[in-house]
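# Structural description and commentary
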Amino acid sequence: MTALFDKVCNWGRWGKEDQRGTLNHIGPGEIARAAALVKEGRSISLSRPFPTQPGTENPRPAQHFMMVTGEDRHAPHIPNMEATFDYIGVAFHGLVCTHLDALCHIFREGRMYNGRPASDVRSRGAISNSVMESRDGIVGRGVLLDMPLALEMDYIEPSRPITVEDLETAERRLGVTVGKGDILTVRIGRDVRPGRGDGKIAGLHPHVGGWLHEREVALLGGDGPNDVMPPDAQAIWTNPIHELCLVGMGMQLMDNLDLERAAKTCAELDRWTFQIVVAPLLIQGATGSPINPIAIF
């Protein structure tokens, strides 16, 4: 794994001060190319609902409660105003909330992307590699690789990591090629697997990290957490895709997407590319953010 990390490492590639990582693969040309993919005028959310229900995969459910309801609609201390108010709170890292991992989320030997120390993430937040590096949103060409469809399966078993060969088979069968600046989404069929919610989720083989690096992918996301779950507690690298992407390449990750409707739309239109817009919340020093990515066809 150390050799693979060294192979994909982008530290210093865009300068020692860089905090954008593989987002540098997206320039004006890539954004304009993605806009040209909007032909049908259809938009689809790639996010799951706010995860307020506790469960095996959601031990810390998000909070959503009403502060003022329509049953008591008169806003306190504001004469003649009728309104409702609510509160939300979420620990978004985990297996259920659709979120973006910033580059300060994961470390390897006390370092994060571009060699910055773990101590840059402090009690008041990160002073480097935070989600604020994506403050203007991430816009580009989205590519969806529907692995169960391409491999002629109903879903990918958690015990079967997706390999480079699998991804290239999906490219051939779906008629698409992943390239520079792409925002790649990989469907494993998590939401149609019997017994889902048991914490067992398929993911990518570590060698996929080298493939992502060679293809110059800008951003990766999946309907799981991208790594195989549960992780191998005995392994030196328990979350290899997270470590290779976030720490080595400087590639942010989108975890827990909902790709079911998008996959059906892609199959209906017989095209697996679209414009995608990812907009994180602007939280100073945050290690990531809940997101609602939008695929536009």
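You'll find the structure just up there.
A brief structural summary. (Residues numbered from 1 in each chain as written. Predicted model: local features only at pLDDT ≥ 70, side-chain atom pairs only at ≥ 80, totals over all residues. Heavy atoms only, no water.)

## Here's the deal with the sheet that holds strand β9 (residues 219–222)
For the record, the criterion: When DSSP locates at least two bridges between a pair of strands, those strands are taken to pair. The secondary structure listing takes helices from DSSP runs of H or I that are at least 4 residues long and strands from runs of E that are at least 2 residues long, numbered from the N terminus. Axis definition: a line fitted to C-alpha atoms, limited for helices to the stretch in contact. Angles are taken between N-to-C directions and run from 0 to 180 degrees.
Spatially, β1-β13-β11-β7-β8-β9-β10-β4-β12 is the arrangement adopted by the nine strands of the open sheet, whose pairing is mixed. A strand with exactly one partner marks an edge of an open sheet, and here the two such strands are β1 (43–45) and β12 (288–290). For this sheet the average axis-to-axis angle between neighbouring strands, irrespective of direction, equals 25°. Taken together, the three bridges between β1 and strand β13 (residues 294–296) define a ladder with antiparallel strand orientation. Of the residues in β13, the one forming a bridge with Ser45 is Ile294.

## Quick word on the environment of Lys264
Residue placement: Lys264 occurs in helix α7 (residues 260–269). Separated by 118 residues in the primary sequence, Lys264 and Asp146 have C-alpha atoms spaced 9.8 Å apart.

## A few points about the layout of surface pockets
Taking a probe equal in size to a water molecule and rolling it over the atoms shows the remaining empty space. Test applied: Points on a 1 Å grid over protein atoms alone make up a cavity when a 1.4 Å probe fits among them but cannot get out, and a pocket when they form an open set with protein on both sides within 12 Å along at least five of seven lines; lining residues each have an atom within 4 Å of a point. Grid points are joined across faces, edges and corners, and a volume is the space filled by probe spheres set on the points. As a working rule, the residues Ala, Val, Leu, Ile, Met, Phe, Trp, Tyr, Cys and Pro are called nonpolar, Asp, Glu, Lys and Arg charged, and the rest polar, with Gly in that last group.
Of the pockets and cavities examined, the largest pocket occupies roughly 320 Å³. Lining of the largest pocket is provided by 19 residues; of these, Arg48, Glu57, Leu95, Val96 and Arg190 occupy positions nearest its centre. Class assignment for the residues of the lining of the largest pocket results in six nonpolar, six polar and seven charged. Considering only enclosed or pocket space, the second largest pocket measures out at about 210 Å³ in volume. Contributions of two or more residues to the lining of the second largest pocket are made by α2 (28–35) and β7 (138–146). Within the lining of the second largest pocket, the residues separate by chemical class into six nonpolar, three polar and four charged.

## Comments concerning a nonpolar patch on the surface
Rules: Each patch is built from residues that are more than 30% exposed by relative accessible area and take part in no salt bridge. Like charges join if they lie within 9 Å; nonpolar side chains (Val, Leu, Ile, Met, Phe, Trp, Tyr) join within 5 Å. To be clear on the numbers: accessible area is Shrake-Rupley with a 1.4 Å probe, and residue cover counts the displayed protein chains and nothing else. Salt bridge criterion: a side-chain nitrogen from Lys or Arg within 4 Å of a carboxyl oxygen from Asp or Glu.
A surface patch of nonpolar side chains, about 550 Å² in accessible area, is lined by Phe65, Met67, Ile78, Met81, Phe85 and Tyr87. Looking at the nonpolar patch, the elements that each hand over two or more residues are β2 (63–68) and β3 (85–89). Tracing the backbone through its elements, the reader meets Phe65 in strand β2.

## A short note on the side chain of Asp18
How we decide: Accessible area is worked out with a 1.4 Å probe on protein chains only. A residue is then buried under 20% of its type maximum, exposed over 50%, and partly exposed in between. Positive charges are assigned to Lys and Arg, negative charges to Asp and Glu, while His and the chain termini are left out of the count. Two N or O atoms count as a polar contact when they lie within 3.5 Å, although within protein this holds only if one can serve as hydrogen donor and the other as acceptor, and sequence-adjacent residues are included solely when both atoms are side-chain atoms. When checking whether two residues touch, look at their non-hydrogen atoms; a contact exists if any pair is within 4.5 Å.
When you line up the elements, Asp18 lands in the loop between α1 (2–8) and α2. Buried within the structure, Asp18 lacks any salt-bridge partner; its nearest side chain of opposite charge belongs to Arg20, at an N-O separation of 5.6 Å. At a separation of 3.1 Å, a polar atom in the side chain of Asp18 contacts the side chain of Asn24. Aside from chain neighbours lying at most four places away, what touches Asp18 is Asn24, Tyr113, Asn114, Arg116 and Asn129.

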